[in-house]
Structure formats: structure tokens, C-alpha cells
Amino acid sequence: MKPTHPDHAPPADAAARRAIKPVICYPVETLPRPDLAALRAARAGWTKIDEVIVPAREAKFFEVPAGCFFRIVSIDGPQVGDLNLWSLKDLNERFYSGKTRALHGTHLSTGDQLWSSIPYLRPMATITEDTLDWYGIDEHGGSVHDVIGTRCDPYTHHLLSGGETYHHCCHSNLTRALAEETGLMKHACEFHVHDVLNVFMCTGFTRDTGQYFMKASPVRPGDYLEFFAEIDLGGALSACPGGDCSSEHSSDAAACYPLKIEIYRPQDRPEGWVSPAQNGYDRTHGCDLD
Ligand SMILES: [Zn+2]
């Protein structure tokens, strides 16, 4: 528990204040929802158009046209993947894990959408299948595919390890993958790398101290997480140096495995589906100044 000041004794009505019922900040009932059945029906007769292998402790860039699907597949052994997404047309529009968390919760599964950054704020991808959806929320409060972590990075590792240097944290892997794809300098690419969807990772917050925890991922070879691309996407996936994230990351200690990305094109676009426009807010912010 965090320390409390001796003057801050609980007031007489502390129990009553704590007992107030929470309300959901963003009820999904008012959120435009995808037609999941139509999206899933469009998979019948689809064609695999590309496949990318992400080596252990590395990241790879991939592209998915709007209206196509992609799967992140576990192969060889339990492995966590850190996913970044951008609009293929504009790197400034990128996955916004914080707002996605606020809209859908701490962990994502079938039917949830991955939202893009402000001012674009629109669905980038919809999750259409999750073979780990049986996991639910465990006795520790843990679940799979979180948007509460950030990504392992060499700066935090430098702080926590007393000055060590490690170049295969997901942040660095994603930076190299984007640099190789775009030809931009690594230092420029680093600013486009952002908080991830932690694919297959099992995480939560401890009940007593509220700290971020991880535990061994329940993923096994053959499991996959499937997405429908709502807009033209560029993605980068890092096979985290933590492997199944059962003990540590930011080192070469953990057993690590590759991940596979499969990209599929449906025969026809899903019935009733149109690629979402950028957010409709007028961006004046109640102000006349340019
Ligand atoms: Zn990582």
C-alpha cells in the first residue's frame, strides 16, 4: 500500500463514500458497433495474400489493405507479441491504446476495435476472432491481449538495471522494423513507435498495490488473434524478448519463439461495410483563432 499522511485519517463517512457504485465512463451502447456477423461471413472463400514471419526478439513491418483480414499466429512455442498500427497513408494516425482501453476495457477480444489517435479517432481494425477468448479474467485479475502495458523499452531497462544496455526490447525492435520499411532515420522512427496491443500477453493489476503484473501466457502454437482492417494499415509486430513473459523481459534470458502474420483478402467486401471516415469533430475547440 502507498503511504498515507498521518493527518489523513479516514473521515466518519469513509465507508459510505467508498460504497458509491461505479458507472461506466463510456457505455458501448452509444458507440457505433461493427457488424461482426457480416465481417466474419466475409471470410468464406478468402485468399491468403501474404505471410510474414517475425523472428524471435525482432520485429517485422507488414501491410494490410482496408477490407482485408490479418491473423497473428502462435507457432513453435508460447510467445507474446507487441503490435503497433499506423494508417498506411499517414504515420501520424496511429493506434491509441489509451482511448481503446477507455472504450473497451483493459484487455481486448472478439468484437472490440482498435482506435486511432486524436484528431483522427476512428476504428483502425476490428477483432473478429480470438482463440484465447475462453480465458476470461482469472483469479488474480489477469487476462489476455492487454492495452494497459506500454512496451518493453531500453530506457526503462536502463533505469531499472543500473545502467545496462539492451537493444532487443520491443521499442527498439519496432523502431528498427519501421526504419527498414520507411528508410527514415531510426531517431525519427522512434517517435512514431507507440503504446502497443500486447498480443497473447497475460497481465493485470495487483489488487493490493495496483501494480502492473504479468504471468505466463496461456497461448500455445496454433492459437491466433484475427483482425479486420477498417482502413489501409501499416503494422509492426515484435516478438517480445520476454517470450511468454512468465519471468522477465528486456534480456536474452527467456525462451523466445517466432510469430507468424497471415493476411487474407475476402472474395467480396463484407455486406454493408464501408471504411470509416476520420472523426467528424470540427476541431475548432470553441475558439475563433487559427
Ligand atoms: Zn516486449
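The name that an unreviewed UniProt entry assigns to the protein chain is DUF1989 domain-containing protein, with the source organism given as Rhodobacter capsulatus.

### Examining the state of the cysteines
Across all of its chains, the model carries zero disulfides by this definition. Its sulfur unpaired, C202 is 10 Å from the next cysteine sulfur, which belongs to C245. For C202, a relative accessible area of 0% corresponds to the buried category.

### Quick look at the sheet that holds strand β11 (residues 224–229)
Across the sheet, six strands lie side by side as β1-β13-β3-β11-β7-β6; this open sheet has antiparallel pairing. The two strands at the open ends of the sheet, each matched to only one other strand, are β1 (47–54) and β6 (113–115). Recorded for the sheet is a direction-independent mean angle of 25° between the axes of neighbouring strands. Alignment of strand β7 (residues 123–130) against β11, held across five bridges, turns out to be antiparallel. When the sheet's bridge partners are listed, A125 is paired in β11 with A229.

### Considerations on the UniProt feature "domain: DUF1989" (unreviewed entry) in the protein chain
Following the UniProt record, one finds the feature "domain: DUF1989" (unreviewed entry) at residues 53–233. End C-alpha to end C-alpha, residues 53–233 measures 18 Å, and it is 18% helix and 34% strand.

### Topic: the coordination of the zinc ion
Listed as protein donors to the zinc ion are C152 (SG), C170 (SG) and C240 (SG); their distances from the metal cover 2.3 Å. Counting along the primary sequence, the residues that act as donors to the zinc ion give the motif C-x17-C-x69-C. Linking C170 in helix α5 (residues 170–182) with C240 in the loop between β12 (233–239) and β13 (259–265), this pair joins segments that are 70 residues apart in sequence.

### Comments concerning the packing of aromatic side chains
The description of an aromatic ring pair uses the distance of the two centres, along with the angle that the planes make with each other. Throughout the structure, instances matching the rule amount to nine aromatic pairs. Geometrically, the ring pair formed by W46 and F69 is edge-to-face, given 5.3 Å between the ring centres and 65° between the ring planes. Linking W46 in the loop between α2 (36–41) and β1 with F69 in strand β3 (residues 69–74), this pair joins segments that are 23 residues apart in sequence. The same class applies to W46 and to F69, which are both buried.

Cut-offs used in this document
Residues numbered from 1 in each chain as written. Predicted model: local features only at pLDDT ≥ 70, side-chain atom pairs only at ≥ 80, totals over all residues. Heavy atoms only, no water. Disulfide = S-S within 2.5 Å. Buried < 20%, exposed > 50% of the residue type's maximum accessible area, 1.4 Å probe, protein only. Pairing = 2+ DSSP bridges. Helix = DSSP H or I, 4+ residues; strand = E, 2+ residues; numbered from the N terminus. Axes fitted to C-alpha atoms, helices over the stretch in contact; angles between N-to-C directions. UniProt positions renumbered as here; feature names shortened; annotations may be inferred. Donors = N, O, S within 2.8 Å, 3.2 Å for Na, K, Ca; no water. Phe/Tyr/Trp six-rings, centres within 6.5 Å; stacked < 30°, edge-to-face > 60°.

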